[in-house]
Amino acid sequence: MRTLTLFFFVTVISLTAFSQANERPKLVVGIMVDQMRQEYLYRYYDKYGEGGFKRLIDKGFVVMNGHYNYVPTYTAPGHASVYTGTTPAYHGIIGNDWYDKTIDKSVYCAGDDSQKTVGSTTEDKGKMSPHRMLTTTITDELKLATQKKSKVIGISAKDRGSILPAGHMADAAYWYDGKTGRLITSTFYMDKLPDWVEKFNARQLPDKYLSQTWNTLLPIDQYEESGSDNSPYEAKLGEHRSVFPYDLKELRKTNGNFELLTNTPFSNDFLTEFAKTAIDAEKLGADKWTDFLALSYSATDYAGHRVGPNAVELQDMYMRLDKNLADLFRKLDETVGDGNYLVFLSADHAVAEVPQYLIDSKTPAGNLRFSQLTAGLTDFLNSYFPDKQIIKTVSNDQVFLNHEAFSTDPRTGGVDMMIATELISNYLMQQDGIANVFSKGLLRQGDFNEGGIKGMAIRGHHPKRSGDMTVVLEPGWFYSSRIQGTTHGSPYTYDTHVPIVFYGKGVKAGSTVRYHTVTDIAPTLSMLLKIKLPNGCTGQPVAELFE
Ligand SMILES: [Zn+2]
């Protein structure tokens, strides 16, 4: 009898252990916050409520020192890199737009002329698909692991913020059409919007949001984490000064009507409301097959470019986004259940200080006039190659040579091209604000794991798509002539250091200060989901999370 009891006991234990080993979250919610710096988790911490960012920080696993590991640090490569676990060298999304040598014109990362808009009459907004992304995403791998029984849905204000994370096999990707104020998709996913999306659009929420005034959540003197509201470093909205309150009803008249929504925190309210509706309508996390909701908030980037990281506007937007997250997690607790879902939060890049603010603060920074630079370079090359157009274009800090300008005889043409490359490099290196110039030959032969800025250029360089040379500016330098606003795209820490936080099923509370890259997010998810890695994955799981 005792033996039997023991046998029974052992069987139960091992069955329990087995079922735990094979347990997966019912739903993964990936949250990308466009242009979010890692430090925003802590700069605004005291102003956050309990249920949003603080819940992730205090109960989740925080990678304190997470970075992008390539240039350029833009939105499309950022979203693609997080979800594919690799860099532009493999996934091929080398910018938001880039010059396509094979067809001699600029292409958009998610542009696809073979598709049509579904959900509105705006023709160009829906000619989209992920076809330019060359490797699989973690969302694709989830589909492959479950005979496509897992549901995958992407949601963002930006098409690329929705399409790239959702991957090649997504059930749907939805994004905002600023011309009509509707959420739309493309024929790549479906021929008509589901009823629940039509009903959601019929509520005309953007119209309601844009009929109100944006004022600060708290009395404005409590925004001590930010600079003064009336700042010379913030670009205006239309003719309006960059100060609270923002009368949106008035401002929409001169700021593209529905387009204005993306510059306000209500864009994040809108997406959160839509995500909550999607959870119910699509029954996300309801059955035994793990689903994936890939959400990306874009308003933080639109506003961040305009006003910079010290603005009251930005702080207020993060405090409101905190409420959105709390609202979303409450919904997930109710429907999927706390402990049954897995969340990660990250960003597609961070952002630089406003250059003029640094200059005025006696810190090295500067503005390069792009047109002056290229005009000077063209004159310089003309003195060596009269009557020839040596440079085809400069796109995403990459110089594309005009290969037709060189003789097809490899003996002379090849030598001329080497000479031109060397001349361009020498000229650029003499200009203030340029830190380094890397030729294509150097980047193609480089080691993928090389350190420093050269390594970042190697990982950002796609052998077939990228230009003949990659130009890197000095820290704090930009191609601009503006005093207001800021941007991102560099290999420096102000652009690379982003939040990486995991929370929920399979994740214990904790943190690490060890260096990690955003390409570690997808392999970490693979381990938590017990599925294959994305096929081009070069990252490694965040091992500390499993120790
Ligand atoms: Zn941006």
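Residues numbered from 1 in each chain as written. Predicted model: local features only at pLDDT ≥ 70, side-chain atom pairs only at ≥ 80, totals over all residues.

Asks: Help me understand the overall build of the protein chain, please; the structure alone is not making it clear to me.
Replies: The number of helices and strands found in the protein chain is 20 helices and 22 strands. A globule of 547 residues ought to have a C-alpha radius of gyration of about 24 Å, and the protein chain, at 24 Å, matches this closely. Overall, the protein chain is about 95 × 60 × 50 Å in size when its C-alpha atoms are taken along their principal axes. Within the protein chain, buried positions represent 50% of all 547 residues. (Helix = DSSP H or I, 4+ residues; strand = E, 2+ residues; numbered from the N terminus. Rg over C-alpha atoms; globule rule 2.2 N^0.38 Å. Buried ≥ 20, exposed ≤ 12 C-beta atoms within 10 Å, placed from the backbone.)

Asks: Would you mind showing me how to read the sheet that holds strand β17 (residues 434–439) here?
Replies: Whether parallel or antiparallel, the strands of a sheet pair through hydrogen bonds between backbone atoms. Reading across from one edge, β15-β16-β18-β17 is the order of the four strands in this open sheet, with antiparallel pairing throughout. With partners counted over all chains shown, the strands left at the sheet margins are β15 (391–395) and β17, one partner each. Ignoring strand direction, the axes of neighbouring strands in this sheet form an average angle of 20 degrees. Sheet topology places strand β16 (residues 398–401) next to strand β18 (residues 469–473); two bridges connect them, and they run antiparallel. Residue Gln398 lies in a different strand from β18, and its bridge partner there is Thr470. (Pairing = 2+ DSSP bridges. Axes fitted to C-alpha atoms, helices over the stretch in contact; angles between N-to-C directions.)

Asks: What's the story with the domain arrangement of the protein chain in this structure? I'm lost.
Replies: Often, the extent of an interface is quoted as the loss of accessible area on bringing the components together. Domains assigned within the protein chain are domain 1 (27–353 + 498–546) and domain 2 (366–474). The straight-line distance from the C-alpha centre of domain 1 to that of domain 2 is 33 Å. Across the boundary between the two partners, domain 1 contributes 15 residues, which contact 16 residues of domain 2. Of all elements in the fold, only α5 (88–91) and β4 (97–100) reach the threshold of two or more residues within the side of domain 1 that touches domain 2. (Domains from an automatic or database assignment. Contact = placed C-beta atoms within 7 Å.)

Asks: How do you make sense of the confidence of the model for the protein chain when you look at a structure like this?
Replies: Regions with low pLDDT carry predicted coordinates that are not meant to be interpreted in detail. For the protein chain, per-residue confidence averages 94 on the pLDDT scale, and 96% of positions sit at 70 or higher. Of the regions scoring below 50 in pLDDT, residues 10–18 engages in zero contacts with residues more than four places distant in sequence or in other chains. (pLDDT = per-residue confidence, 0-100.)

Asks: Would you explain the nonpolar core in this entry?
Replies: Side chains that are nonpolar tend, in soluble globular proteins, to be buried together. Counting residues in each nonpolar core, the largest one holds 141 residues, and the members touching the most others are Val29, Ala275, Leu293, Val343 and Val501. Formed jointly, this core draws a minimum of three residues from each of two domains, domain 1 (27–353 + 498–546) and domain 2 (366–474). (Core = buried A, V, L, I, M, F, W, Y, C linked by C-beta atoms within 7 Å.)

Asks: What is the right way to look at the sheet that holds strand β1 (residues 27–33) in this model?
Replies: Strand order in the open sheet formed by ten strands is β6-β9-β8-β7-β12-β1-β13-β20-β2-β21, and the pairing between neighbours is mixed. Only two strands of the sheet have a single partner each, and these edge strands are β6 (117–118) and β21 (510–512). Pairing between strand β2 (residues 61–63) and β21: three bridges, direction parallel. In the sheet register, Phe61 faces β21, and the bridge partner there is Gly510.

Asks: Could you clarify how one ought to interpret helix α6 (residues 138–145) in this entry?
Replies: What sets the pattern is the α-helix's 3.6 residues per turn: residues three or four places apart point alike. Counting buried residues in α6 gives six out of eight residues, a clear majority hidden from the surface. All of the buried residues in α6 are Ile138, Thr139, Asp140, Glu141, Leu142 and Lys143. Contacts from the buried residues of α6 go to α4 (75–84), β7 (152–156), α7 (159–166), β12 (291–297) and α20 (521–529). Once α6 ends, the next one or two residues include Gln147, with phi positive near 50 degrees.

Asks: What am I meant to see in the packing of α4 against α7 here?
Replies: Helix packing geometry: the angle between the two helix axes and the distance between the axes. α7 packs onto α4 with a crossing angle of 25 degrees between their chain directions and a minimal axis gap of 8 Å. Taken together, the axes of α4 and α7 lie roughly parallel to each other. Seen from above, α4 lies across α7 with right-handed handedness. Across the interface between the two elements, Thr75, Ala76, His79, Ala80 and Tyr83 of α4 pack against Arg160, Gly161, Leu164 and Pro165 of α7. (Parallel < 35°, antiparallel > 145°, perpendicular 65-115°, else oblique. Left-handed = near helix turned anticlockwise from the far one by under 90°.)

Asks: What is the right way to look at unusual backbone geometry in this model?
Replies: A negative phi angle characterises most non-glycine residues, just as the trans form characterises most peptide bonds. Cis geometry marks the peptide bond from Val71 to Pro72, where omega comes out at 5 degrees. The topology assignment puts Pro72 in the loop between β3 (66–67) and α4. The step from Phe244 to Pro245 runs through a cis peptide bond, and the omega angle for that step is -5 degrees. Positive phi values are uncommon outside glycine, yet Asn257 reaches one of about 50 degrees.

Asks: Hey, could you run me through the environment of Ala509 in this one?
Replies: Structurally, Ala509 can be placed in the loop between β20 (500–504) and β21. Between the alpha carbons of Ala509 and Ile531 there is a distance of 23 Å; along the sequence they are 22 residues apart. Ignoring sequence-local partners within four residues, the contact set of Ala509 consists of Asp58, Lys59, Gly60 and Phe61.

Asks: In this structure, what is going on with the packing of helix α12 (residues 299–307) against helix α13 (residues 312–335)? I would like to understand it.
Replies: One way to put it is that α12 packs onto α13 with a least axis distance of 9 Å and a crossing angle of 165 degrees. Considering the angle they form, α12 stands roughly antiparallel to α13. In this structure, α12 crosses over α13, and the sense of that crossing is left-handed. Contacts from Ala299, Thr300, Ala303, Gly304 and Val307 of α12 reach α13 at Glu313, Leu314, Met317 and Leu321. Residues that form the contact of α12 with α13 fall into these classes: six nonpolar, two polar and one charged. (Nonpolar A, V, L, I, M, F, W, Y, C, P; charged D, E, K, R; others polar.)

Asks: So what exactly am I meant to see when it comes to the pairing of β4 here?
Replies: It is a general feature of regular strands that their side chains alternate between the two faces of the sheet. The pairing of β4 with strand β5 (residues 105–108) spans four bridges and is classified as antiparallel. Considered in β5, the bridge of Tyr99 is made with Ser106. The antiparallel hairpin formed by β4 and β5 contains four residues in its connecting segment, where Asp104 sits at a positive phi of about 55 degrees.

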